[in-house]
Structures are given as C-alpha cells and as structure tokens.
Amino acid sequence: MSSELVPPEGTAVELMRAMTRLRARLRTEAPLDDLPWNWSHLTTLHRIVLDGPVTATELAQAEHVRRQSMGETLAALRDGGLIATAKDPNDGRKALVSATPAGRVLCERIPAAREAWLAKVIGSTLRANERKALDKAAEIMNRLADTDL
C-alpha cells in the first residue's frame, strides 16, 4: 500500500462510488416485495413524515416531479392509509398532507431493516481493527456532512 496521500478529487470519486454502491445494496437487502408501494411512494412518504404537513405542490417541487405525478403518488399513499389530508388552517383553499400513524410506522420499518442488514454484515465480515476504522470513517463522514464551506 502506498504511503502517498491521494488527491482530494480522487478520494471524492472513490467515496461517492462507495456510497452509491452501498446505498444500492441497502435497497436490495431491505426489499419491499411485501409492500404495494414503490421507492417513489416511500421517498415521498418519508418527506411527508419529515416536513409535513405540506401541500402537494410543495411535495412535487421537492421531489422534482410534475403536480399530476405527485397526485398519483399521494392517491396511492392515501388509499393505503399512510397519509391524510386536511384543509390548511391559514388558507382554506389549500390542502395539507400529513402522515398517519401507519405511515410513520412504515417509515421507521425500512431504515430498521437496512440497519439490521448492515449490522449483520459488519459483525460477520469485518475484523476488529476494520470495525474500528469504519467507526472512525463514520465519524469523519459526519464531520464532512456538518462542514459549511
């Protein structure tokens, strides 16, 4: 192994590649075969849980989709009992979308499944020194995420 420092651009490329691969793998290992919703539905639900109550227009803008497509997504989530709508108390012409308790539970289920798989892989694949290095890498990645430039 070379002791030379890799340029930041090279590190950035490798880190992005690794994060993309891990994210794809986590989606594969936390399958949704038992659910009638796709990833688009679930990312919208996640945004509603985090940002809600919110209008359909705001959701469409945040998810970078047309209002009509968002309407279809919201209809599927509403039919599944994951979201509810109510009139905006500040503007009765608008409807606000919020997650139901069932929607919140589903949003918690998916990350829990991913975390369980990742913990299993870490525990069964990595040696103690590699786990310590990964702990340090997670700390460093969080510091990068918190940096304001």
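Up top you'll find the structure we're talking about.
Residues numbered from 1 in each chain as written. Predicted model: local features only at pLDDT ≥ 70, side-chain atom pairs only at ≥ 80, totals over all residues. Heavy atoms only, no water.

Comments concerning the pattern of salt bridges
Evaluation of the coordinates by the stated rule reveals six salt bridges. The salt bridge partner of glutamate 14 is arginine 17, with a shortest N-O separation of 2.8 Å. With a gap of three residues between them, glutamate 14 and arginine 17 both fall in helix H1 (residues 8-29), about one helical turn apart. Here glutamate 14 falls in the partly exposed class, since its relative accessible area comes to 45%. Since its relative accessible area comes to 45%, arginine 17 is described here as partly exposed. The salt bridge partner of arginine 127 is glutamate 130, with a shortest N-O separation of 3.5 Å. Each of Arg47, Asp51 and Glu63 takes part in salt bridges that share partners, so that together they form one network. (Salt bridge = Lys/Arg side-chain N within 4 Å of Asp/Glu carboxyl O. Helix = DSSP H or I, 4+ residues; strand = E, 2+ residues; numbered from the N terminus. Buried < 20%, exposed > 50% of the residue type's maximum accessible area, 1.4 Å probe, protein only.)

A look at the environment of threonine 147
With respect to the helices and strands, the residue threonine 147 is situated in the segment after helix H6 (128-146). As for threonine 147 and tryptophan 117, which are separated by 30 residues in sequence, their C-alpha atoms are 29 Å apart. A distance of 2.7 Å separates a polar atom in the side chain of threonine 147 from the backbone oxygen of arginine 143. (Polar contact = N/O pair within 3.5 Å; in protein donor to acceptor, adjacent residues only side chain to side chain.)

Some details on a nonpolar patch on the surface
A cluster of nonpolar side chains, Met16, Met19 and Met141, forms an exposed patch at the surface whose accessible area comes to about 270 Å². Counting through the fold element by element, methionine 19 comes out in helix H1. The class of methionine 19 is partly exposed, set by a relative accessible area of 35%. (Patch = residues over 30% accessible without salt bridge, like charges linked within 9 Å, V, L, I, M, F, W, Y side chains within 5 Å. Areas by Shrake-Rupley, 256 points an atom, 1.4 Å probe, with all protein chains shown as cover.)

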